[in-house]
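This is what each chain is made of:
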Amino acid sequence: MNAVTPVRPLDLDAIIDSFPSLARRPHGRRLVYLDNAATTFAPDCVIEAVASHMRDLHGPVHRAVHTCGADATDAYESARRIVARFLGAAHAEEIVFVRGVTEAINLLAHSLGATRLRSGDRVIATTMEHHSNLLPWMQACARYGAELKLAPLNARGEIDLDQFASLLNDRTRIVVFTHISNVLGVVNPVATMCDMARRVGAITVVDGAQAPSRRRVRIRELGCDFYAISGHKMHGPTGIGALWGRAELLRELPPWQTGGSMVEHVMLEGDTTWSPAPMRFEAGTPNSAGAAGLAAAIEFLEQVGLEAIARHEAELTAAMVEALNRIDGVRIHGDPDERAGIVSFSVDGAHPHDLATMLDFEGVAVRAGHHCAQPLLQWLGVAATSRASVALYNRPEDVDALAEGVRNAIRKLR
Amino acid sequence: MSERDDIYTDLLLEHARHPHRRGALEHADGHGEGFNPLCGDQVQVWVSLNDDRIGELSFEGVGCAISTASASIMTGAIEGRTAHEAHEVIERFLRVATDLGAPLDELDDEQASLANVRRLPMRVKCVTLAWRAAEAALREAQSHQSAGGGHA
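Residues numbered from 1 in each chain as written. Chains lettered and ligands numbered in written order. Predicted model: local features only at pLDDT ≥ 70, side-chain atom pairs only at ≥ 80, totals over all residues. Heavy atoms only, no water.

### Examining the overall build of chain A
From N to C terminus, chain A includes 14 helices and 15 strands. Taken over the C-alpha trace, chain A has a radius of gyration of 22 Å; the compact-globule value for 414 residues is 22 Å, and the two agree within 12%. Projected onto the principal axes, the alpha-carbon positions of chain A cover approximately 70 × 55 × 35 Å. For chain A, the exposed surface amounts to about 15800 Å²; the carbon and sulfur share of it is 50%. For chain A, the distance from the average position of its 41 positive side-chain charges to the average position of its 48 negative side-chain charges is 3 Å. (Helix = DSSP H or I, 4+ residues; strand = E, 2+ residues; numbered from the N terminus. Rg over C-alpha atoms; globule rule 2.2 N^0.38 Å. Areas by Shrake-Rupley, 256 points an atom, 1.4 Å probe, with all protein chains shown as cover. Lys, Arg positive; Asp, Glu negative; His and termini not counted. Charge placed at Lys NZ, Arg CZ, Asp CG, Glu CD.)

Structure, rendered in structure tokens:
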């Protein structure tokens, strides 16, 4: 992998300098980017890793004996080892490269559904799931005659563990939930929930989209069976992500997509034999430039330091909650014990889309809408919310700009 | 004038705060609805025809200031017109509101201030929602009429 831009922990100026996108000037204003839960910007080292892979290392991965093929394969497999180390996986073979969390969950709903779900079985998700961790399971349940139950939330927006426990029964085969809510910022007690699910023999699938850019993820400590991440939500490129799965579980899963490089013997009559994991799940020429970018993003995050990032985000989040609470008519959704850097809120008399457009005129980028979590928005009783989410490159002044923009919008709209 | 004031004009905000012809109609000849999955906004439009002329007309919906103002301005633009004229008005508005190259002065001031939102590609749907719903409501009312139906 390429050398990473040297950045000292919490040297904010240096961090900001390494993200060229932050120099963009929407409507002629300094960009205050607070939509990091949707997607994050990439630092120079990631952009350079993708470019240098395409320039210097491109070739057919896993397909050719020539040097270009070997270079590309080396880079791709090295990226796999970096992801494995980052998540604390036992083996690189436990890492499947995917397009992102969406593809990882679809893969599991397809392949795990086929091997684990029978009529009358139960899958448990939660009310706070992103559509990507809900719709694939709804489809799998419909296909196999299983039932999908959603674990409800308590008044603070956290998963109600008592009710979660009461849903777990001996027909529960798969339990899926997000590590961090993309709407409320709630950090779920993953280890506790995985432990509870394991007692009834269920497989656990964790949507890690929001987590790895915000805190150190150690899958062994979480105790889950599968964990999925997306590159573009952790300062890497779009179109690349990873699924970690326990080796013994990946071994039993049938392929999802079929095609090149995932098969051993193609038998037109008789049994075709598939490649072992992870290649069984990586049909077609892989996104090797994306994998190089993801690996560079991981090295960047590790160099800055995930503990330092988590502390920085916690400070910004506390400031954001306090600043928004001080504005008359602003209501923050959820009040969890532990909130990652994501805050959703409603403003009396100001529709989220009008608010977001007015903030954009001031250079402040927030998200407005249902955040692909319609069951959660129904539970909240709103059609849409505004959402501000921070990343390691946000400054305290960004929180001030948000609060000022919200006040200005309220003055105009009411 | 700031960009904000250029889009969120006093005129548009006044329509958003006090929209015209808001409220459901129970026995209309035609009904149309629009939904924006991006933000959950929805609008419904009801219309009845007297001979070929728009009689009753109303809308109901939950939405942002732009979509509410748009519905209100739409009702003013087509009320009292024949179905044919109303279709022309709607068609012209939708064309200008979705094409940055079309001159805004094809529209009256109210409609032009609304169509100006076309500069914000992510918000164009908020502007067009009610007009497309009205188009559908009109078509239903016309087929209702040509089928010989009267008021229920």
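### Topic: the overall build of chain B
Along its length, chain B carries six helices and three strands. Over its C-alpha atoms, taken along the principal directions, chain B stretches across nearly 50 × 30 × 25 Å. When each of the 152 residues of chain B is scored for burial, the buried share is 51%. When contacts within chain B are restricted to residue pairs at least 6 apart in sequence, long-range pairs at least 24 apart make up 62% of them. Accessible surface for chain B amounts to roughly 7000 Å². Of this, 49% is attributable to carbon and sulfur atoms. In chain B, which carries 14 positive and 25 negative side-chain charges, the distance between the mean positions of the two groups comes to 5 Å. (Buried < 20%, exposed > 50% of the residue type's maximum accessible area, 1.4 Å probe, protein only. Contact = heavy atoms within 4.5 Å.)

### As for the packing of helix 3 (residues 65-78) of chain B against helix 6 (residues 124-146) of chain B
Residue and element names in this part refer to chain B. Orientation of helix 3 relative to helix 6, taken along the N-to-C sense of each, is 40 degrees, at an axis distance of 7 Å. By the angle class used here, helix 3 and helix 6 are oblique. Our pair here, helix 3 against helix 6, has a crossing hand that is right-handed. In this structure, helix 3 contributes I66, S67, S70, A71, I73, M74, A77 and I78 to the contact, and helix 6 contributes C126, V127, A130, W131 and A134. Among the residues forming the contact of helix 3 with helix 6, the class breakdown is eleven nonpolar, two polar and no charged. (Axes fitted to C-alpha atoms, helices over the stretch in contact; angles between N-to-C directions. Parallel < 35°, antiparallel > 145°, perpendicular 65-115°, else oblique. Left-handed = near helix turned anticlockwise from the far one by under 90°. Nonpolar A, V, L, I, M, F, W, Y, C, P; charged D, E, K, R; others polar.)

### Notes on the packing of helix 4 (residues 83-97) of chain B against helix 6 of chain B
Angle between the axes and distance between the axes are the two parameters that describe a pair of packed helices. Residues and elements named next belong to chain B. Two elements in contact, helix 4 and helix 6, have axes whose closest approach is 10 Å; the angle formed by their N-to-C orientations is 160 degrees. Taken together, the axes of helix 4 and helix 6 are roughly antiparallel relative to one another. In terms of crossing hand, the pair formed by helix 4 and helix 6 is left-handed. Taken together, the residues of helix 6 that come into contact with helix 4 (itself represented by A83, A86, H87, V89, I90, F93, L94 and A97) are V124, V127, T128, W131, R132, A134, E135, L138, R139 and Q142. Residue classes in the contact of helix 4 with helix 6 are distributed as twelve nonpolar, three polar and three charged.

### Side note on the interface of chain A and chain B
Each partner contributes residues to the interface: chain A has 16 residues there, and chain B has 20 residues. Carbon and sulfur atoms supply 56% of the area that chain A and chain B bury against each other, a total of about 1500 Å² over both sides. The largest contributions to the chain A side of the interface with chain B come from H353, F361 and K412 of chain A, which together make up 38% of the buried area. Summed over the shared surface of chain A and chain B, the number is one salt bridge. Its salt-bridge partner being R123 of chain B, residue D354 of chain A comes within 3.1 Å of it at the nearest N-O pair. Linking chain A with chain B are ten residue pairs in polar contact (both at pLDDT 80 or more), by the criterion used here. Of all elements in the fold, only helix 12 (352-361) and helix 14 (396-413) of chain A reach the threshold of two or more residues within the side of chain A that touches chain B. Here the side of chain A that touches chain B gets five residues from one element, more than from any other, and that element is helix 12 of chain A. Split into classes, the residues belonging to the side of chain A that touches chain B amount to five nonpolar, seven polar and four charged. (Buried area = accessible area lost by both parts, 1.4 Å probe. Salt bridge = Lys/Arg side-chain N within 4 Å of Asp/Glu carboxyl O. Polar contact = N/O pair within 3.5 Å; in protein donor to acceptor, adjacent residues only side chain to side chain.)

### Quick word on the pattern of salt bridges
One side chain can pair with another of opposite charge once the charged atoms of both are near each other. Residues and elements named next belong to chain A. Scanning the entire structure with this criterion turns up 29 salt bridges over all chains. Residue E147 is joined to R122 by a salt bridge in which the shortest nitrogen-to-oxygen separation is 2.8 Å. One end of the pair, E147, is in strand 4 (residues 147-151); the other, R122, is in strand 3 (residues 122-126), with 25 residues separating them in the sequence. Exposure remark for E147: the relative accessible area of 30% places this residue in the partly exposed category.

### A short note on unusual backbone geometry
Residues and elements named next belong to chain A. Residues A277 and P278 are joined by a peptide bond in cis, for which omega reads 5 degrees. Looking at the element boundaries, P278 is found in the loop between strand 10 (273-274) and helix 10 (288-304). Even without being a glycine, H62 presents a positive backbone phi close to 60 degrees. Note that H62 resides in the loop between helix 2 (44-57) and helix 3 (67-87). Although it is not a glycine, S261 adopts a positive phi angle of roughly 65 degrees. Topologically, S261 is positioned in the loop between helix 9 (247-252) and strand 9 (263-265).

### A word on the packing of aromatic side chains
Considering all chains together, one arrives at six aromatic pairs over all chains under this definition. Taking the centre distance of 5.0 Å and the plane angle of 40 degrees together, the rings of Y76 of chain A and F97 of chain A count as tilted. Of this pair, Y76 of chain A sits in helix 3 while F97 of chain A sits in strand 2 (residues 95-98), and the two are 21 residues apart along the sequence. For the pair shown, Y76 of chain A and F97 of chain A are each scored as buried. Summarising the aromatic geometry, the rings of F93 of chain B and W131 of chain B are spaced 3.8 Å apart at their centres and angled 15 degrees between planes, so their arrangement reads as stacked. A residue pair is termed long-range when its members are at least 10 positions apart, and F93 of chain B in helix 4 and W131 of chain B in helix 6 qualify at 38 residues. Aromatic rings pair up to connect F19, Y33, F41, F300 and Y393 of chain A into one cluster. (Phe/Tyr/Trp six-rings, centres within 6.5 Å; stacked < 30°, edge-to-face > 60°.)

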